[in-house]
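# Chain and residue survey
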Amino acid sequence: VRYEIDGELVTFYMDNPKREAEQYRAASFAGTCLAAQQITPMLEAIVRKYRGLSLSSQENVIPMLRAFFIWFQTSSSPWPTTSDEWNLFMVRFFQFWLTDTSYSKKAKTSTRAYLWSTLVNPWLTGLKDEEIIPLDVQIPVIRLKKVRSLAKDQPLLGKRRRSITS
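Residues numbered from 1 in each chain as written. Predicted model: local features only at pLDDT ≥ 70, side-chain atom pairs only at ≥ 80, totals over all residues. Heavy atoms only, no water.

Across five bridges, the pairing between strand S1 (residues 2-6) and strand S2 (residues 9-14) is antiparallel. Along S2, the bridge assignment pairs Glu 4 with Thr 11. Counted between consecutive antiparallel strands, the loop separating S1 from S2 contains two residues, among which Gly 7 sits at a positive phi close to 70°. (Pairing = 2+ DSSP bridges. Helix = DSSP H or I, 4+ residues; strand = E, 2+ residues; numbered from the N terminus.)

Below, the structure is given as structure tokens:
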């Protein structure tokens, strides 16, 4: 994986030895209050993390990055610089990720929660490990639980069970 910034467009070129044609994905940070030098450390961290991984893993970062940029665009917020600003950003970005439809119109809340837990949270944690995000910043966590209940097999209150007689 490598990237290129042209104006306010970041283009990632994916590693894929199985294809001759170069594959790429782009994300725009136009209309945000972000400068290329502010996002460069984050982009470098993305390259380090995703280099050599499967094509689908490399492509997973683009929707996260687009949502990240769209949040900055819609909120008109500057790049956070202090731990307090980063903590506030995390809460607001988390809320945006779960509720806003400007970056993904079809995704259900359960899908967004799953993606936060499996993709976004590890990505943000990686940015903390790289010290792009201060280490004392709290990243929201979603605990995914699948409830397996016998309730679906229980009759409603007040209804009698059907008995089978021969």
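The next thing to look at is the packing of aromatic side chains. What describes a pair of aromatic rings is the distance from one ring centre to the other and the angle between the planes of the rings. Under the definition given, this model contains 21 aromatic pairs. Taking the centre distance of 6.3 Å and the plane angle of 55° together, the rings of Phe 68 and Phe 69 count as tilted. Like Phe 69, Phe 68 is buried. Both rings, one in Phe 93 and one in Trp 116, keep their centres 5.9 Å apart while their planes meet at 50°; by these two values the pair is tilted. One end of the pair, Phe 93, is in helix H3 (residues 83-99); the other, Trp 116, is in helix H4 (residues 109-129), with 23 residues separating them in the sequence. In this pair, the class of Phe 93 matches that of Trp 116, namely buried. The positively charged end of Arg 2 is found above the aromatic ring belonging to Tyr 13, 4.2 Å away from the centroid. (Phe/Tyr/Trp six-rings, centres within 6.5 Å; stacked < 30°, edge-to-face > 60°. Buried < 20%, exposed > 50% of the residue type's maximum accessible area, 1.4 Å probe, protein only. Lys NZ or Arg CZ within 6 Å of the ring centre and 35° of its normal.)

All right, on to the sheet that holds S2 then. Ordered by their spatial adjacency, three strands build an open sheet running S1-S2-S3, and the pairing between neighbours is antiparallel. Looking at which strands have only one partner, the edges of the open sheet turn out to be S1 and strand S3 (23-28). Recorded for the sheet is a direction-independent mean angle of 20° between the axes of neighbouring strands. Bridging between S2 and S3 involves six bridges; their strand directions are antiparallel. Among the inter-strand pairings, Tyr 13 is bridged to a residue of S3, identified as Tyr 24. Sheet strands in contact with helix H2 (residues 55-75) are S2 and S3, and its direction is about 15° off that of S3. (Axes fitted to C-alpha atoms, helices over the stretch in contact; angles between N-to-C directions. Contact = heavy atoms within 4.5 Å.)

With 47 residues, the main nonpolar core has Phe 12, Met 42, Phe 69 and Trp 123 as its most contacted residues. Mapped by element, the contributors of at least two residues to this core are S2, helix H1 (36-50), H2, H3 and H4. With 11 residues, H2 is the single largest residue contributor to this core. Discounting residues that sit within four places of it in the chain, Phe 69 has contacts with Val 10, Ala 27, Ser 28, Phe 29, Thr 32, Leu 34, Ile 39 and Met 42. (Core = buried A, V, L, I, M, F, W, Y, C linked by side-chain atoms within 4.5 Å.)

Structurally, the α-helix is built with 3.6 residues per turn, so residues lying three or four positions apart point the same way. For H2, spanning 21 residues, the distance from its first C-alpha to its last is 31 Å, which sits close to the expected 30 Å at 1.5 Å a residue. Considering only its buried residues, H2 is in contact with S2, S3, H1, H3 and H4. Immediately beyond the C-terminal end of H2, within one or two residues, lies Ser 76, with a positive phi of roughly 55°. (Expected span 1.5 Å × (residues − 1).)

Comment: phi is negative for the bulk of residues other than glycine, and the bulk of peptide bonds are trans. Phi at Ser 76 is positive, roughly 55°, even though this residue is not glycine. Residue placement: Ser 76 occurs in the loop between H2 and H3. One non-glycine residue, Glu 131, lies in the positive phi region at around 60°. With respect to the helices and strands, Glu 131 occurs in the segment after H4. Residue Glu 131 is classed as exposed on the basis of its relative accessible area of 60%.

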